[in-house]
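As a plain string of letters, each chain reads:
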Amino acid sequence: MDRRKFLSSATVAATAATLPLLAETSAAAESKSKDPKQANGWNFLLITADDMDGSMPGFMGNAVKMTPNLDALAQGSHRFVATRTAAPICQPSREALMTGMIPHRSGGIGFTAIDSEIPTFTTVLQDNGYFTAGINKLQHMQPPGRFTWDWEAGGMNGDPLTWDDRNPVLMADRVEEAMGAARAQNKPFFISCNITDPHRPFYGSPEANAQDDNQTGPYKIPHEILPEQVVIPPHLEDLPDIRKELAQYYNSVQRLDIAVGNVLDKLNASPEKDNTLVLFVSDHGMPFPFAKSTCYSSGTLTPALIKWPGMSAPRTFDALTSNIDILPTVLDLLGIDTPAGVDGTSWLPMINGKVTSIREYTFTYMNTEYNGTNYAMRGIQDHKYLMVFTPWSDGKFTLKYTDSVTGLTYKALVAAAAGDPAVAKRVKQYTYGIPLALYDLQKDPGQRVNIIDRPDMRARSVQMKRALLEHMRETSDPQRENFETFLRGGKPVVKQNERRYQHYGIVEVPVGPVG
């Protein structure tokens, strides 16, 4: 499928998202106790995907129809189709979700622990009598003292479900066991079920075949998507190897969907079926160029679904939302007070028809990679425009320590750049960055044309610069000084190889242009 068809399907989703908001009366929400120690007793099942782009599910407009289980869940859920992750990379995005705080305010800047006194879903719900269970990806929620699970699985204590396993049967079995453990203690549960798909290595790649029993048994999907069937997203080129890798990614998305279906089957077969709040979200966008590890649109757009007992007719919301809103929204629904200092805003007033929006702009924050390399970026956007500040972009330093440059796609772009000036320009944009850029998301969904210097964009540019600077000052953003320096005409300086941001024992890495 070509880009035109992709954009057409996205337009259908956007049109659905703009249906008039109707007032909703939720008896459960209206009757919730104001006493933080008297929650309403609902269970909470949080299901997360790993690296799933917001354009992948059918309910978000994808025409390939590879997510039947998520689409079925969406039919009975409120759908938030303009949700952005606070951070376009694994650990800080998950810590933002679990705290309701932006990375540099919680301390979870990169692959680092949040500050030791920050409340999390785990601590707050435990304090309110919940049984807490964490399944998979637990190493991306640190420190352990802020994520003290009553029950855990996924590479812990000899569990056969390893932290990076994509077995959709084992995942559902662990959810069933966690529900049983909570039932044995006569407590409501909070289960954080974190599915590894569609993270690299993708389905059918040599690395994935070695890891996942050659895609046999529970790892196999019934109907593999072929390269000619994929939709080329607007930020990538239509090249054979890119189609091949996108097909692998799509098939990983399919296996994620199977895992979600299995988990929901376990819930629906349990006594907790009618007393559980379910929320699905991805941590960030796809691990491809101009996506993961960047503040470009495909790095930050995530699908988000929420349903709870007794809710009224499900609807689609296109208001600007963020994954930092999830904690206050869920606590609001459970009847539990939100801790002081949370940056997110509950969606419940929108759902109940009291307001139509909760923010003018969405902000996104990229800082350090897993090895400590600082690819600091900041994004500010509304529905029409995206401004991206890239302080590391100095014409010499390059983006190369990220899994988005591994695999087939980036190599295909570099190879094509040798004979195609347009692709060469695109590779330079990605690899060397642009210090400050403005994009028209409606006319240029792939963020290919920087319009910041256009005379007709002057007022818009000034407005968004001021809003970003004000936000940086209010939140004590560590890149504020660099942004002020840039606005004065100076050159930002981004520190590299700081040991406090290095993870998994990785030693210093060389920085500078690709040799």
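The rules we used
- Residues numbered from 1 in each chain as written.
- Predicted model: local features only at pLDDT ≥ 70, side-chain atom pairs only at ≥ 80, totals over all residues.
- Heavy atoms only, no water.
- Phe/Tyr/Trp six-rings, centres within 6.5 Å; stacked < 30°, edge-to-face > 60°.
- Helix = DSSP H or I, 4+ residues; strand = E, 2+ residues; numbered from the N terminus.
- Buried < 20%, exposed > 50% of the residue type's maximum accessible area, 1.4 Å probe, protein only.
- Pairing = 2+ DSSP bridges.
- Axes fitted to C-alpha atoms, helices over the stretch in contact; angles between N-to-C directions.
- Contact = heavy atoms within 4.5 Å.
- Parallel < 35°, antiparallel > 145°, perpendicular 65-115°, else oblique.
- Nonpolar A, V, L, I, M, F, W, Y, C, P; charged D, E, K, R; others polar.
- Salt bridge = Lys/Arg side-chain N within 4 Å of Asp/Glu carboxyl O.
- Expected span 1.5 Å × (residues − 1).
- Polar contact = N/O pair within 3.5 Å; in protein donor to acceptor, adjacent residues only side chain to side chain.
- Core = buried A, V, L, I, M, F, W, Y, C linked by side-chain atoms within 4.5 Å.
- Left-handed = near helix turned anticlockwise from the far one by under 90°.

A. Summary view of the packing of aromatic side chains. By the definition in use, this model includes 18 aromatic pairs. With 4.9 Å between their ring centres and 10° between their planes, phenylalanine 80 and phenylalanine 317 make a pair best called stacked. You can see phenylalanine 80 sitting in strand β2 (residues 78–84) and its partner phenylalanine 317 sitting in strand β8 (residues 316–317), a full 237 residues away along the chain. Classification of phenylalanine 317 as buried rests on a relative accessible area of 1%. Judged by centre distance (6.0 Å) and plane angle (55°), the ring pair of tyrosine 296 and tyrosine 439 falls under tilted. Of the two residues, tyrosine 296 is situated in the loop between β6 (276–282) and α10 (297–300) and tyrosine 439 in strand β13 (residues 436–440); the sequence distance between them amounts to 143 residues.

B. Quick look at the sheet that holds strand β10 (residues 362–368). Overall, antiparallel pairing links the four strands, which are arranged β10-β11-β12-β13 in an open sheet. Since the sheet does not close on itself, it has two edges, and those belong to β10 and β13, each with one partner. Averaged over neighbouring strand pairs, the angle between their axes works out to 15° when direction is ignored. Across six bridges, β10 lies against strand β11 (residues 374–381) in antiparallel orientation. For phenylalanine 363, the partnering residue across the bridge sits in β11 and is isoleucine 380. Along the sheet, helix α15 (residues 458–475) makes contact with β10, β11, β12 (385–389) and β13, crossing β12 at roughly 55°.

C. View of the pairing of β12. Counting buried positions over the five residues of β12 gives five, a clear majority of the element. The alternating pattern of β12 places Tyr385, Met387 and Phe389 and Leu386 and Val388 on opposite faces, both of which are buried. Note that β11 and β12 share four bridges and pair antiparallel. Following the sheet pairing, arginine 378 is matched in β12 by phenylalanine 389. Linkage of β11 to β12, two consecutive antiparallel strands, is achieved through a turn of three residues. One ladder, built from five bridges, connects β12 with β13; its direction is antiparallel. Within β13, the position partnered with tyrosine 385 by the bridge is aspartate 440.

D. Broad picture of the packing of helix α9 (residues 240–268) against helix α13 (residues 408–417). Packing of α9 against α13 brings their axes to within 8 Å, and their N-to-C directions diverge by 170°. In terms of axis orientation, α9 runs roughly antiparallel to α13. Facing α9, whose interface residues are Asp241, Ile242, Lys244 and Glu245, α13 presents Leu408, Thr409, Ala412 and Leu413. Broken down by class, the residue content of the contact of α9 with α13 amounts to four nonpolar, one polar and three charged.

E. Quick peek at the pattern of salt bridges. In the structure shown here, the tally under the stated rule is 24 salt bridges. Among the salt bridges present, the one from aspartate 238 reaches arginine 243, with a minimum N-O distance of 2.8 Å. Salt-bridge contacts for aspartate 382 lead to arginine 460; the nearest nitrogen and oxygen are separated by 2.8 Å. Note that aspartate 382 is positioned in the loop between β11 and β12 and arginine 460 in helix α15, a separation of 78 residues in sequence. Salt bridges sharing common partners tie together Asp50, Arg94, Lys137 and Asp283.

F. Just helix α4 (residues 90–99), in detail. Judged by how many residues are buried, α4 sits mostly within the fold: 10 of 10 residues are covered. For α4, every residue scored as buried is listed here: Cys90, Gln91, Pro92, Ser93, Arg94, Glu95, Ala96, Leu97, Met98 and Thr99. The secondary structure elements touched by the buried residues of α4 are β1 (43–49), α5 (103–106), α6 (121–127), β5 (189–194), β6 and α11 (326–334). Just beyond α4, the residue with positive phi is glycine 100, at close to 75°.

G. Structural detail: helix α7 (residues 168–184). Helix length check: α7, at 17 residues, gives a terminal C-alpha distance of 25 Å against a target of 24 Å (1.5 Å per residue), a fit within 8%. For α7, every residue scored as buried is listed here: Pro168, Leu170, Met171, Ala172, Arg174, Val175, Ala178, Met179 and Ala182. Contacts from the buried residues of α7 go to β3 (131–135), β4 (151–153), β5 and α9. Residue asparagine 167 occupies the N-cap position of α7, its side-chain oxygen lying 2.9 Å from the main-chain nitrogen of valine 169. Where α7 terminates, the next one or two residues include asparagine 186, which has phi positive at roughly 55°.

H. Layout of the nonpolar core. If you look at the biggest cluster of nonpolar residues, it comprises 82 residues, and the most contacted ones within it are Ile191 and Phe280. At 12 residues, α9 tops the list of elements feeding residues into this core. Leave out the neighbours within four places in its chain, and phenylalanine 280 touches Ile47, Ala49, Met52, Leu70, Leu73, Leu256, Val260, Pro303, Ala304 and Leu305. In this structure, Leu97, Met98, Met101 and Met350 belong to the second largest nonpolar core, which totals 39 residues.

I. View of the pairing of β2. Among the seven residues of β2, seven are classified as buried, and the element is accordingly described as predominantly covered. Pairing geometry for β2 and β8, over two bridges, is parallel. Bridged to phenylalanine 80 within β8 is phenylalanine 317. Taken together, the two bridges between β2 and strand β9 (residues 321–322) define a ladder with parallel strand orientation. Within β9, the residue paired with threonine 83 across the bridge is threonine 321.

J. Just the packing of α13 against helix α14 (residues 421–432), in detail. Two elements in contact, α13 and α14, have axes whose closest approach is 8 Å; the angle formed by their N-to-C orientations is 130°. Here α14 runs oblique to α13, going by the angle between their axes. Considering the relative orientation of α13 and α14, their crossing is left-handed. Of α14, the residues touching α13 (which contributes Tyr410, Leu413, Val414, Ala416 and Ala417) are Val423, Ala424, Val427, Tyr430 and Thr431. Within the contact of α13 with α14, the residues separate by chemical class into nine nonpolar, one polar and no charged.

K. Quick peek at unusual backbone geometry. For the bond from glutamine 142 to proline 143, the omega torsion is 0°, close enough to zero to count as cis. Along the chain, the position of proline 143 falls in the loop between β3 and β4. Residues arginine 200 and proline 201 are joined by a peptide bond in cis, for which omega reads -5°. The topology assignment puts proline 201 in the loop between β5 and α8 (206–211). In this structure, lysine 137 takes a positive phi of about 60° despite not being glycine.

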